[in-house]
Every structure is written in structure tokens, then in C-alpha cells.
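# What the coordinates show
Here is what each chain is made of, one letter per residue.
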Amino acid sequence: MGNSDAELIDKILSLKKRRNAVILAHNYQLGEIQDIADFVGDSLELSQKAAKTDADVIIFCGVYFMAETASILCPDKVVLLPDRHAGCPMADMITAAGLRERKSKLPGAIVVCYINSSAEVKAESDVCCTSANAVKVIESLDAKEILFVPDQYLGHYISTKTDKKMILWPGFCPTHIRIQPQYITNLRQEHPQAKVVVHPECRPEVIALADEVLSTGGLCRYANRSEVKEMIVGTEIGIIHRLRKENPGKKFISSSEQAICPRMKLITLERVLWSLQEMNPEVKVPEEIRVKAKATVDKMLEIGRG
Ligand code: SF4
């Protein structure tokens, strides 16, 4: 017979202490993973936590590019991704070779990569951004033409906020594009008091129906601070767990039960315990790529501070 959740959690917490490990979890993780994490947040918040931690081991409960970003920022730490198959399909829609080819045809363009990209793609880019800071990063650049990779929908959203010419890579998030405008229209009719808050990875037709367009971190802050009592949430459903936990008096309605990222859900308590026991799978970025990718991420962090 397997372990109960309570037994698994006890084992994880005591082994975590022995290994001097920290557990970082993305807002889209399963509720039980969020509950054992030292910190839950969006990609930007998690990479900043990773950069500051004094733990020896980082258990990254998220997808591959996030663990890679932690490894880029903290080369001396062991970064574990509890399931090696937890990749982001959007990040896999672009390769470094494909980007090099596109760049060669656009000599005047600055390349901005969404953080949802591999270390190799970051190494080929000029600056990185997240959904939380994308508009600020692009507005700060001294260039008229931007090649934005890999998310065409985030890119399209940014293009409505800037005068710069945006050339978009045709990638997308398979989870966010499942959210259809009709779902939002129907839910608005059922819940006329609710505010509609969506992620910028959604389709433009969905974004056009929203009251607010926010990253997952921004969405959590909005829910905590605003007077709004009811929200229709247009992003991956894992975030509903955190929203309900932090705002017990408020109502959160998922825009679609289909907005599930299967790769995020590969991380389970069993996998976390196994990963800590075996110290595997470790995510490590080769030094030559890491140094270039770090420059791209650092540029974003500097703009964020500016
Ligand atoms: S929700 Fe979309 S962008 Fe996020 S990890 Fe899953 S596939 Fe990638």
C-alpha cells in the first residue's frame, strides 16, 4: 500500500530540511503542491526567489523552462524538476536554430523572448520578459522593430500597448487558447456582478471582453487588494486554489474547466518525494549557454528595477 498524503508530506518536509532544500511552486500547480511549497508565485517571482535563496537545493514545481531559469540564475545550486516530462508546449514551439534563421532576415530588430522559452532561445535573444513586465520591457527599448517570441497572443496584446512594430513568432499556449469568448459572455450573464480578469496568453477576442488583463502574480494581488467580491478567472485553473485560500470571503469562477495545463499537473507529492530522495532529475544549463541566457534575464531584471 502506498503512503497517504499526510505521510508523504511528513517525509517531504523532513527530507527537505536534511537536504537544505527550498520548494518553489508555480501558481498553476496542484493544490497539495502549493500547500507544501515555501513560496508560490508566477515565473518572475519564482526566478527572483531562486536568485535570493540560501538553500543548497531548489525543488522547482513548475515546468522545464522555469527550472532552467533557476539554474541560469543559481549555477551553484542543485535544481530539481520532479518530473522530467514537465515541459511547456509553448516553449517547445521555437528552437534556437529557428530563431537564428528568422533573426538573419531581420537585421534591425531587437529580439525579446518571453520567459516561457528554453535557455538556448534566451541565449539567442537580446532581452527577456514575463507577462507581468512585457510592456515595460518593450517600451524601454531603443528600437522601432521588435521580434517577439514565442507567444503570438502575448505579443499581440503588447502590440496594442506600444507604437513599436511587433513581429510575432506563431507560438501559443494550448491551455489558454481553450478559453473561448463565448464562455466569458455566458459567465458574465450568469454572474453580472463579477469582474472578468484574464491572462495575456488568452486569445485577443477573450482579452477584448476582460475588465483586467494580468499576469498570475498580478491577478493574485488584484484579488487581495480590490473590493471586488466575485471574479471570473481566465487562466489555468490551478490558480483558483490559491485565490480561494487567500480570499475566503470572495467567489472565484473558472472561465473553463478545460483550462488545465497537463504538464503542470505532472508534479505530484509522490514525484516530489522521489525527486528529493534520488536528487534527480537535475536541470543544469551548459555554462556557455547559461552565461548568454543570464545576460538576457539580467537585462529584464535591470529594466524592472529602473
Ligand atoms: S499553461 Fe501554457 S504557457 Fe503555461 S506551462 Fe502550460 S502550456 Fe506552457
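The structure we're discussing is the one just above.
What counts and how
- The residue numbering used here restarts from 1 in each chain and proceeds along that chain's sequence as written.
- Whole-chain, interface and lining totals are the exception, using all residues; otherwise, since this is a predicted model, local features are given only for residues with pLDDT of at least 70 and side-chain atom pairs are given and counted only at 80 or more.
- Calculation of side-chain values draws on the structure's entire complement of heavy atoms; hydrogens and water are dropped beforehand.
- Secondary structure elements are defined from DSSP: runs of H or I of at least 4 residues count as helices, runs of E of at least 2 residues count as strands, and each element is numbered from the N terminus.
- C-alpha atoms define the radius of gyration in this analysis, and the globule rule sets the expected value at 2.2 Å times the number of residues to the power 0.38.
- Contacts: residue pairs with any heavy atoms within 4.5 Å of one another.
- In these tables, accessible area is a Shrake-Rupley quantity obtained with a 1.4 Å probe, and a residue counts as shielded only by the protein chains included in the view.
- Working convention for charge: Lys and Arg count positive, Asp and Glu count negative, and His plus the chain ends are omitted.
- We put the charge of a Lys on NZ, of an Arg on CZ, of an Asp on CG and of a Glu on CD.
- Accessibility here uses a 1.4 Å probe with only protein chains present; expressed as a share of the type maximum, an area under 20% marks a residue as buried, one over 50% as exposed, and anything in between as partly exposed.
- Buried Ala, Val, Leu, Ile, Met, Phe, Trp, Tyr and Cys residues form a nonpolar core when they are joined through side-chain atoms within 4.5 Å.
- A pair of strands counts as paired when DSSP detects no fewer than two bridges linking them.
- What counts as an axis is a line fitted to C-alpha atoms, over the stretch in contact for a helix, and the angles between N-to-C directions run from 0 to 180 degrees.
- Throughout this description, the term salt bridge denotes a Lys or Arg side-chain nitrogen within 4 Å of a carboxyl oxygen of Asp or Glu.
- Whether a residue is near a molecule or strand depends on its heavy atoms: it is near if one of them lies within 4 Å of it.
- When residues are sorted by character, Ala, Val, Leu, Ile, Met, Phe, Trp, Tyr, Cys and Pro go into the nonpolar class, Asp, Glu, Lys and Arg into the charged class, and all the rest, Gly among them, into the polar class.

Attention now goes to the overall build of the protein. Per the secondary structure count, the protein includes 14 helices and 12 strands. On C-alpha atoms alone, the protein measures out to a radius of gyration of 19 Å, which is about the 19 Å that the 2.2 N^0.38 rule sets for 306 residues. Dimensions of the protein along its principal axes, counting C-alpha atoms only, are 60 × 55 × 35 Å. Excluding contacts between residues fewer than 6 apart, the proportion of contacts in the protein whose partners are at least 24 apart in sequence is 60%. Of the accessible surface of the protein, which amounts to about 13,500 Å², a share of 50% is contributed by carbon and sulfur atoms. Both charge centroids of the protein, one from 40 positive and one from 40 negative side chains, sit 2 Å from each other.

Residue Val149 is joined to Pro150 through a cis peptide bond whose omega torsion reads -15°. Position of Pro150 among the secondary structure elements: in the loop between strand 7 (145-149) and helix 8 (152-159). Although it is not a glycine, Asn20 sits at a positive phi angle of roughly 50°. Tracing the backbone through its elements, the reader meets Asn20 in the loop between helix 1 (5-19) and strand 1 (21-26). What makes Asn20 partly exposed here is its relative accessible area of 35%. Backbone geometry at Met279 places phi at a positive 55°, although glycine is not the residue there. As for its position among the elements, Met279 is in the loop between helix 13 (269-278) and helix 14 (287-305).

Here is a general trend for soluble globular proteins: nonpolar side chains tend to be buried in one another's company. Judged by nonpolar contacts, the single largest core of 75 residues is most densely connected at Ile58, Ile59, Phe60, Phe148, Val149, Val272 and Met300. Beyond its immediate chain neighbours, meaning those up to four positions away, Ile59 contacts Ala21, Val22, Ile23, Leu24, Leu80, Pro82, Val272 and Leu276. Core analysis: the next-biggest nonpolar cluster, separate from the first, contains 15 residues, Ile179, Leu187, Ala210 and Ile232 among them.

Once that is clear, we can look at the sheet that holds strand 8 (residues 165-168). Two modes of strand pairing occur in sheets, parallel and antiparallel, and in both the strands are linked by backbone hydrogen bonds. Strand order in the open sheet formed by four strands is 6-5-7-8, with parallel pairing between adjacent strands. The open sheet terminates on both sides in strands that have one partner only, identified here as strand 6 (127-129) and strand 8. On average, each strand axis in the sheet is inclined to that of its neighbour by 30°, with strand direction left out of account. As defined by bridge partners, strand 5 (residues 110-114) adjoins strand 7 across four bridges and the pair is classed as parallel. From the neighbouring strand, Val112 faces strand 7, where its bridge partner is Phe148. Contacting strand 5, strand 7 and strand 8, helix 5 (residues 96-104) crosses the sheet at an angle of about 165° to strand 7. Strand contacts of helix 8: strand 5, strand 7 and strand 8, with the helix running at about 170° to strand 8, the strand carrying the most contacts.

Sheet architecture is open: four strands sit in the order 2-1-3-4, paired in parallel fashion. The open sheet is flanked by strand 2 (39-41) and strand 4 (78-80), the only strands paired with a single partner. Neighbouring strand axes in the sheet, compared pairwise and without regard to direction, differ in orientation by 20° on average. With three bridges connecting them, strand 3 (residues 57-61) and strand 4 associate as parallel partners.

Before going further, it helps to examine the pattern of salt bridges. Taken as a whole and judged by the stated rule, the model has 13 salt bridges. Ionic pairing is found between Arg290 and Glu287, a salt bridge with its closest N-O pair at 2.9 Å. In this pair, Arg290 and Glu287 are both assigned in helix 14, three residues apart and thus about one turn of the helix distant. On the basis of relative accessible area, Arg290 is assigned to the buried category, the value being 11%. Taking relative accessible area as the criterion, Glu287 reaches 46% and is therefore assigned partly exposed. Through salt bridges with shared partners, a single ionic network connects Arg100, Lys103 and Glu124.

Looking at the ligand, the residues that line it are Tyr28, Val63, Cys88, Pro89, Asn116, Cys173, Pro174, Glu201, Cys261 and Met264. Tallied by class, residues from the shell around the ligand come to eight nonpolar, one polar and one charged.

Everything listed here is a matter of coordinates, which is why it stays silent on function.
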